[in-house]
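# Analysis of the macromolecular model
Here is what each chain is made of, one letter per residue.
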Amino acid sequence: MTYSDQLESKIQTYLRSLSPKAVEALVRNLEHAKIKKGEDPQIQFVLAAAVTLLRKPQIATPETQGGEQRRSQIQRMFFSPLEDFLISETLQTRQEGRIDRAVLDRVWKWLSRDVIEKDVQIVLEQAGNAAVSGERVDSLVQALRTRAVEAIAEALHDSEVSEKERRRMGIELGGERGIAELRDIHKIFAAERWLLPFLQNLPNRINEHRLKQDMDVLRLVEKCSARFPDHVPVIAAALVERSEAPSALCTFAGRLAGDEDPKAIANSQFAPFVDVVMSEAERLQILALKHRHHNPDPVAFSQALSEYHSLVRGVERDMDLSLSGKWHKQLSDSKRSLSSEVTSELNSAHGAIRRALQIPKVDKSGKLQINQGALDEAVRTLRVVTMARNTSETFAVNDVGKRTRQAVEQTLEIVTRSLITDLGKAKGQELEAQLSAVDNAILLSEIYFGEEYAAQLRRSRQSAVSKATNSGTGKGPSPERKLVANALGKR
């Protein structure tokens, strides 16, 4: 993939508008995404720009010296210490230390209107003044957080002694859950002096071996937990975000507790490390449901399911959850919910594939009426069918999975061969329509049967195309050859 100089300039301008801490957080998140998704060119492009910026001396530019652009960044700068703790999914079972991004806007409005209005206005005015340096603005934001820690503590205290104040705060922040989110924000802000250095000493990505056997991360967490025992849930939330294999935190909790027995871990101060793994399973469950019902990307749902399966398999391999009622119930509930969704997807697979294999019609203007939505649906459901072959123990779909695979295999084999055979007989505009259906069939066959089988189909397709295009008479190219050339050009 190539990128224009204009796009590169826009990305670099945006990155320069961020604080160094925010760019570091972005790099960490992009590296995480790169590990999960492989060599994605878009991720690699932005990551390279961000890393380059971090390595360069920070040179102030007119765009970052002041003005509305910098004013608009103040809220983000204010909440920057929360980057390791933010999630975009609202968990049914709220986990301490994992903060819903959606609450940040409410907290900012509440602070800037009702709690520290004058302090916020001073910082915004200074940020909008081009004569004020970036370092000065950073210092002002840091001072604003310090002021906010005191003000939030006072507001939380008032809400505990006054039911009226609690109701008022709940209205502004989203009820009891919003108040709980505010309490976590206050806890992290108040610990910024030691928490941020602790996080900087942690690896950006923590692999499974480090959590299960190595001593470096273990010693860091032991020392921090001994000094700040009330912040163990916060530490656990930070580690799950950086872990390449979050399920390994269950073993890590046993190492910290000195006992691998789930009951012993549950009764220790390190139980939050398992709690946060259960919250990650629920987060992935919610993410998978969002992808299935709202994300047009045909690959996202199966990817979320695979991540969920990897986490569950790791937990069940490392811990006997039958010995822990709470954790066993949490994992069972999320497995049951996703199993229902996977079953529904499998039940609809045969129909989705048949719709995608239909030969498109030609409208009055001579254009093919391609049903891209049907093809995307078939790609999504076929990836789920393929994934379910190796994850039936997680999603409890043995019977429906077997029936679905049989129906899918028969449909793909029979319909694809029939389409290729008919390709050699098609003439005129029918040939282009037939070719479109054949290409869809080969795409779906490659997802399910693999590249080698798809290569055989492509050879058969090419033979049929040659037969159809060579059937014309006369010296010039046949109409069929022109149609096929146009169709191939679009691909």
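Just so it is clear, the model here is predicted, and its values are computed rather than measured.

Definitions and cut-offs
- Residues numbered from 1 in each chain as written.
- Predicted model: local features only at pLDDT ≥ 70, side-chain atom pairs only at ≥ 80, totals over all residues.
- Heavy atoms only, no water.
- Core = buried A, V, L, I, M, F, W, Y, C linked by side-chain atoms within 4.5 Å.
- Buried < 20%, exposed > 50% of the residue type's maximum accessible area, 1.4 Å probe, protein only.
- Helix = DSSP H or I, 4+ residues; strand = E, 2+ residues; numbered from the N terminus.
- Contact = heavy atoms within 4.5 Å.
- Expected span 1.5 Å × (residues − 1).
- Arc of directions from axis to C-beta.
- Salt bridge = Lys/Arg side-chain N within 4 Å of Asp/Glu carboxyl O.
- Axes fitted to C-alpha atoms, helices over the stretch in contact; angles between N-to-C directions.
- Parallel < 35°, antiparallel > 145°, perpendicular 65-115°, else oblique.
- Left-handed = near helix turned anticlockwise from the far one by under 90°.
- Nonpolar A, V, L, I, M, F, W, Y, C, P; charged D, E, K, R; others polar.
- Polar contact = N/O pair within 3.5 Å; in protein donor to acceptor, adjacent residues only side chain to side chain.
- Phe/Tyr/Trp six-rings, centres within 6.5 Å; stacked < 30°, edge-to-face > 60°.
- Lys NZ or Arg CZ within 6 Å of the ring centre and 35° of its normal.
- pLDDT = per-residue confidence, 0-100.
- Patch = residues over 30% accessible without salt bridge, like charges linked within 9 Å, V, L, I, M, F, W, Y side chains within 5 Å.
- Areas by Shrake-Rupley, 256 points an atom, 1.4 Å probe, with all protein chains shown as cover.
- Lys, Arg positive; Asp, Glu negative; His and termini not counted.
- Charge placed at Lys NZ, Arg CZ, Asp CG, Glu CD.

With that settled, the discussion passes to the nonpolar core. The biggest cluster of nonpolar side chains holds 128 residues, and the ones touching the most others in it are Leu239, Phe252, Phe273 and Leu444. Element by element, the count of residues in this core is highest for helix H9 (residues 134–161), at 10 residues. Apart from residues no more than four positions distant in its own chain, Phe252 is found in contact with Leu211, Val217, Leu218, Val221, Leu239 and Phe273.

Attention now goes to the environment of Val221. Within the fold, Val221 resides in helix H14 (residues 216–227). In this structure, the C-alpha to C-alpha distance between Val221 and Leu239, residues 18 residues apart in sequence, is 9.7 Å. Once you skip the residues sitting within four places of it in the chain, Val221 turns out to touch Phe198, Ile235, Leu239, Phe252, Leu256 and Phe273.

A separate point is helix H26 (residues 451–469). Helix length check: H26 (19 residues) gives 26 Å between terminal C-alpha atoms against 27 Å at 1.5 Å per residue, within 8%. Taken as a whole, H26 has its buried residues at Tyr453, Ala454, Leu457, Arg461, Ala464, Val465, Ala468 and Thr469. Angularly, the buried residues of H26 cover 135° about the axis, an arc narrow enough to put them on a single face. What points out from H26, more than 90 degrees from its buried face, is the exposed set Glu452, Arg459 and Lys467.

What follows concerns unusual backbone geometry. It is generally the case that most residues other than glycine have a negative phi and that most peptide bonds are trans. Of note, Ala396 is a non-glycine position whose phi angle comes to about 50°, a positive value. Mapped onto the elements, Ala396 comes out in the loop between helix H23 (392–395) and helix H24 (398–423). Taking relative accessible area as the criterion, Ala396 reaches 61% and is therefore assigned exposed.

This part covers the pattern of salt bridges. Counted by the stated rule, this structure contains 29 salt bridges. In this structure, the salt-bridge partner of Arg283 is Glu280, at a minimum N-O distance of 2.9 Å. Taken together, the residues span about one helical turn, with Arg283 and Glu280 both in helix H18 (residues 272–294) at a distance of 3 residues. Owing to a relative accessible area of 13%, Arg283 belongs among the buried residues under this scheme. Of the residues examined, Glu280 reaches a relative accessible area of 6% and is grouped as buried. Among the charged side chains, a salt-bridge network with shared partners connects Glu89, Arg98, Glu280 and Arg283.

In this section: the environment of Leu419. Relative to the elements of secondary structure, Leu419 occurs in helix H24. Taking the relative accessible area as the measure of exposure, Leu419 reaches 7% and is therefore buried. It is 8.3 Å that separates the C-alpha atoms of Leu419 and Ala441, two residues lying 22 residues apart in sequence.

Below, the discussion takes up the packing of H9 against helix H11 (residues 175–190). The contact between H9 and H11 brings their axes to 10 Å, and the two run at 140°. Taken together, the axis directions place H9 and H11 in an arrangement best described as oblique. The element H9 and its partner H11 pack so that their crossing is left-handed. When H9 is examined against H11, the residues Arg145, Val149, Ile152, Ala153, Leu156 and Glu160 are found in contact with a partner set consisting of Ile179, Leu182, Arg183, His186, Phe189 and Ala190. A class-by-class count of the residues in the contact of H9 with H11 yields 8 nonpolar, 1 polar and 3 charged.

Now for the side chain of Asp84. As for its position among the elements, Asp84 is in the loop between helix H6 (74–78) and strand S1 (86–87). Polar contacts involving the side chain of Asp84 include one to the side chain of Arg242, which spans 2.9 Å.

Applying the stated criterion across every chain yields a total of 11 aromatic pairs. On the numbers, 5.6 Å between centres and 65° between planes, the contact of Phe252 with Phe273 is edge-to-face. Taken together, the positions of Phe252 in helix H16 (residues 248–257) and Phe273 in helix H18 put the pair 21 residues apart, joining distant regions of the chain. Measuring from ring centre to ring centre gives 6.0 Å for Tyr308 and Phe395, while their planes differ by 25°; the resulting arrangement is stacked. Within this pair, whereas Tyr308 is found in helix H19 (residues 300–318), its partner Phe395 is found in helix H23, the two being separated by 87 residues in sequence. Its relative accessible area of 0% is what places Tyr308 among the buried residues. The exposure class assigned to Phe395 is buried, which follows from its relative accessible area of 0%. By the ring-pair criterion, three or more aromatic residues cluster together here, those being Phe78, Phe79, Trp108 and Phe189. Lying across the ring of Tyr448, Arg389 places its NZ or CZ 4.6 Å from the centre.

Here Gly401 lies in helix H24. Given a relative accessible area of 3%, Gly401 falls into the buried group. Distance from Gly401 to Thr386, taken between C-alpha atoms, is 9.4 Å for residues 15 residues apart in sequence.

Now for helix H20 (residues 325–347). Helix length check: H20, at 23 residues, gives a terminal C-alpha distance of 32 Å against a target of 33 Å (1.5 Å per residue), a fit within 8%. Of the positions making up H20, those classed as buried are Trp327, Leu331, Ser334, Lys335, Leu338, Ser339, Glu341, Val342, Glu345 and Leu346.

As a further point, take the confidence of the model for the chain. The predicted model of the chain has a mean per-residue pLDDT of 85, with 82% of residues at 70 or higher. Across residues 1–5, confidence stays below pLDDT 50; counting only partners more than four residues off in sequence or on other chains, it has 5 contacts. Below pLDDT 50 for its whole length, residues 473–485 participates in 18 contacts with residues either more than four positions away or in separate chains.

Moving on: a negative patch on the surface. A cluster of acidic residues, Asp259, Glu260, Asp261 and Asp320, forms a negative patch at the surface. By the element assignment, Asp259 lies in the loop between H16 and helix H17 (262–266). Residue classification places Asp259 among the partly exposed positions, given a relative accessible area of 35%.

Further remarks concern the packing of H9 against helix H10 (residues 163–173). At a closest axis distance of 5 Å, the pairing of H9 and H10 adopts a crossing angle of 125°. As far as their axial angle goes, H10 and H9 are oblique. Viewed along their axes, H9 and H10 form a crossing whose handedness is left-handed. For the pair formed by H9 and H10, the contact residues are Ala155, Leu156, Asp158, Ser159, Glu160 and Val161 on the first element and Glu163, Glu165, Arg166 and Met169 on the second. Of the residues in the contact of H9 with H10, the class split is 4 nonpolar, 1 polar and 5 charged.

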